[in-house]
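Listed here are the chains, written in short residue letters.
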Amino acid sequence: MTPPVLSARPGRATRTTRARRRSDDRASYLWFLIPGAVLLLAVIVVPLFMNVGISLTRWSGVGDPQWTGLDNYRRLFADGTFWASFRHNVNLIVAMALLPTLAGLVIAAALYDFVGKRFGPRAASVLRACIYLPQVLPIAVAGIVWGWILAPDNGALNEFLDAVGLGALAQDWLGDPDLALWSVMGVLVWVQVGYPVVIFMAGLQRVDPALYEAAELDGASWWRRFWHISIPQIRAEVYVVLLTCTIAALKVFGPIYVLTRGGPGGSTNVPSYFSFQNFFEKTQVGYGAAIATVLMVIILVLTAVFLRAQDRGESTRR
Amino acid sequence: MSPAPARRARRRLGWSSYAVLLSLVVLAVVMLIPFVVVAFNAVKTPEEYATGGPLSPPQGLYLDGIIDFWQRVDFGEKLLNSVVISASVAVLAVVVSVLNAYALGIGRVRGRLWILVVFLIANTLPQEALVYPLYYLWTQLGLYDTQLGVIVIFTVIQAAFGTYLLSSVLGTFPRELLEAARIDGANKWQVLLRVVVPVSRPTLAVLVVFFFIWTWNEFFLPLVFLISNETQTVPVALGVLQGQRLMDPTMSSASALLGIIPAIAFFLIFQRTLTRGITVGAVK
């Protein structure tokens, strides 16, 4: 973005009239907020409070909701399915936030520092594009692709294992309750890993090359430079990626819906799918609203904590 | 650059460099294999699939499977629906974002920090916490199962992010430009339309592309709100079919390929905007 250079200089009003004009000025900008505010109210704020309200009732979606106070929440905390769904969420955080971040750091540094510098930036950006590609797929389509690859009979993965003589390892990847969650995790790593790679590579471009040159002259190995220069320098990016991916993992719905529908036997159920089931399949709307409310609170707390931590990180660095 | 480090770099281009390159190439290939397998099987005849299984490369280009699937789900209609919804959301959400960000970033209205926090929260909320009340309200308003209903919802969700991002971008807008326009007698609308929007056009273009692709890829709310065939988007139509487990393997891969193609097309068309934009969005 290149702002055009300006020659005219603003005339100076006296300080008092200028200050008064500024505050009038500011107030009149409020008009521009009105469409956005009305829409936000209608689509986010009102439904949000309605949802909390519904969570305090027993309601099938038709007729009048029946006030039950905190009953839904009491039931929720005694519900094994609910706790299991959050345990699965922890696994998905590992698959969507933790592993991609770790792998992304190594891949991004290797691409930027090794491939980019020794084989040319073109090679690095082609490889980056390949790794990023799954990110552009609609998550539902990624689910279809993998549902088909992981199919027990004739699925590409089992056929491949057979072809290389490992047929004994063939599994019902998504149909075995002990295995399904791990398969879903594998798919999500594939989906997610490109995102940190792209963000971290962009961050590395910001790092002052003099830092590396100095370290290299001091005889620091690649790993030491990676650990002591690259990672601390792109800490802001690491925070952002961890936060956004963790939130995405908590909200995961599409892959579960397409790959397993929460099954087999609830072994891949997650809160978002669990609330969806209660809303639209079991018509226990109050209960579904309670699940969604808990999920919302967790996400908001997490966002606040992360932003705090990032803020503190920034201020101690300065 | 002095010759010494250059020579060292060249000497280092030994086997370890090639090992790193090789492992990254292997990784890239592994990432691409699912795409290749899907493409292979989408163009096989059912007999070929039955005899050769999913791994053998196709003998020729058999497009009947894809054409069959296209006609069966009226894929052209789904594409059109997706385009209409995503494009409307992209444009409307940018308009709303610009208006909000003009007041917050340039107007610096009182309490803007808190207003920004509200927008940020609106963007991070799980859609599950909004879905039932929206479903209820939209049914009352006659917006349920209409594209307009979905467009309104996503305009707000995307604009929440856009407001957050654009406000910080416009916060650094060159003040002299605004003052100059004001001295020339421009009112606030004219300043917005003739100065702010043209100067920020590159950022707005990134937002349009992002909103388009994000909305295209959305699944949960469209799944709930678009239940009839005539309104469904591509991901919803494909996801619902997959969920019903009624498809044979070649049809599955044909459907997956049809879902992949638009995504890759956008990726190629918008690649430069995207990679530039991702970094704009990441660290602010």
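Residues numbered from 1 in each chain as written. Chains lettered and ligands numbered in written order. Predicted model: local features only at pLDDT ≥ 70, side-chain atom pairs only at ≥ 80, totals over all residues. Heavy atoms only, no water.

Caption draft 1: Inspection of the overall build of chain A at higher detail. When helices and strands are tallied, chain A shows 15 helices and two strands. Taking 318 residues into account, the globule formula puts the C-alpha radius of gyration at 20 Å, and chain A, at 26 Å, lies well above it. Along the first, second and third principal axes, the C-alpha atoms of chain A reach 70 × 60 × 35 Å. Across the 318 residues that make up chain A, the buried fraction comes to 50%. Sequence-distant contacts in chain A: of pairs separated by 6 or more residues, those separated by 24 or more amount to 68%. A total accessible area of about 15,200 Å² is found for chain A, and carbon and sulfur atoms account for 62% of it. In chain A, 27 side chains carry a positive charge and 20 a negative one; their mean positions are 16 Å apart. (Helix = DSSP H or I, 4+ residues; strand = E, 2+ residues; numbered from the N terminus. Rg over C-alpha atoms; globule rule 2.2 N^0.38 Å. Buried < 20%, exposed > 50% of the residue type's maximum accessible area, 1.4 Å probe, protein only. Contact = heavy atoms within 4.5 Å. Areas by Shrake-Rupley, 256 points an atom, 1.4 Å probe, with all protein chains shown as cover. Lys, Arg positive; Asp, Glu negative; His and termini not counted. Charge placed at Lys NZ, Arg CZ, Asp CG, Glu CD.)

Caption draft 2: Looking closely at the interface of chain A and chain B. Taken together, the contact between chain A and chain B spans 95 residues of the former and 103 residues of the latter. When chain A packs against chain B, close to 8,800 Å² is buried across both sides, 79% of that on carbon and sulfur atoms. Scanning the region where chain A abuts chain B turns up zero salt bridges. Seen at the junction of chain A and chain B, the total is six residue pairs in polar contact (both at pLDDT 80 or more). By residue number, the principal contributor to the side of chain A that touches chain B is helix 2 (residues 34–54) of chain A, which donates twelve residues. Of the residues contributing to the side of chain A that touches chain B, the split by class is 69 nonpolar, 14 polar and twelve charged. (Buried area = accessible area lost by both parts, 1.4 Å probe. Salt bridge = Lys/Arg side-chain N within 4 Å of Asp/Glu carboxyl O. Polar contact = N/O pair within 3.5 Å; in protein donor to acceptor, adjacent residues only side chain to side chain. Nonpolar A, V, L, I, M, F, W, Y, C, P; charged D, E, K, R; others polar.)

Caption draft 3: Representation of the UniProt feature "transmembrane region" (unreviewed entry) in chain B. Residue and element names in this part refer to chain B. With numbering aligned to this structure, UniProt lists the feature "transmembrane region" (unreviewed entry) at residues 20–43, 79–101, 113–136, 148–170, 191–216 and 251–270. Between the end C-alpha atoms of residues 148–170 there is a gap of 30 Å, over a span that is 100% helix and 0% strand. When the span residues 251–270 is considered, its composition is 100% helix and 0% strand, and the gap between its end C-alpha atoms is 29 Å. (UniProt positions renumbered as here; feature names shortened; annotations may be inferred.)

Caption draft 4: Representation of the nonpolar core in the model. If you look at the biggest cluster of nonpolar residues, it comprises 172 residues, and the most contacted ones within it are Ile44, Leu92 and Leu111 of chain A together with Phe69, Phe173, Val196 and Phe225 of chain B. Mapped onto the domain boundaries, this core takes at least three residues apiece from domain 1 (3–62) and domain 2 (74–282) of chain B. If near-sequence neighbours (up to four positions away) are discounted, Leu111 of chain A is found in contact with Gly116, Ala124, Leu127, Arg128, Ile131, Val197 and Met201 of chain A together with Leu24 of chain B. (Core = buried A, V, L, I, M, F, W, Y, C linked by side-chain atoms within 4.5 Å. Domains from an automatic or database assignment.)

Caption draft 5: Molecular detail of the packing of aromatic side chains. Residues and elements named next belong to chain A. Applying the stated rule across the entire model yields 45 aromatic pairs over all chains. Both rings, one in Phe114 and one in Trp222, keep their centres 5.5 Å apart while their planes meet at 70°; by these two values the pair is edge-to-face. Placement of the pair is Phe114 in helix 4 (residues 80–118) and Trp222 in helix 11 (residues 222–233), with a sequence separation of 108 residues. For the pair Phe114 and Trp222, a shared accessibility class is recorded, and that class is buried. One Lys or Arg, Arg261, reaches over the ring of Tyr257 and ends 4.1 Å from the middle of that ring. (Phe/Tyr/Trp six-rings, centres within 6.5 Å; stacked < 30°, edge-to-face > 60°. Lys NZ or Arg CZ within 6 Å of the ring centre and 35° of its normal.)

Caption draft 6: Broad picture of the domain arrangement of chain B. Residue and element names in this part refer to chain B. Assigned domains of chain B: these are domain 1 (3–62) and domain 2 (74–282). For domain 1 versus domain 2, the separation of C-alpha centres amounts to 34 Å. Counting residues at the interface gives seven residues for domain 1, matched by eight residues for domain 2. Between domain 1 and domain 2, a total of about 620 Å² is buried, with carbon and sulfur atoms accounting for 85% of that surface. At the boundary of domain 1 and domain 2, one finds zero residue pairs in polar contact (both at pLDDT 80 or more). With five residues, the single largest contributor to the side of domain 1 that touches domain 2 is helix 2 (residues 15–42).

Caption draft 7: Structural context of helix 5 (residues 121–136) of chain A. Residue and element names in this part refer to chain A. Helix length check: helix 5, at 16 residues, gives a terminal C-alpha distance of 22 Å against a target of 22 Å (1.5 Å per residue), a fit within 8%. Of all the bends found along helix 5, the most pronounced is centred on Cys130 and spans about 30°, while Pro134, a proline, follows it within four residues. All of the buried residues along helix 5 are Ala124, Leu127, Arg128, Ala129, Cys130, Ile131, Tyr132, Leu133, Pro134 and Val136. (Expected span 1.5 Å × (residues − 1). Bend = angle between axes of the 7 residues up to and from the residue.)

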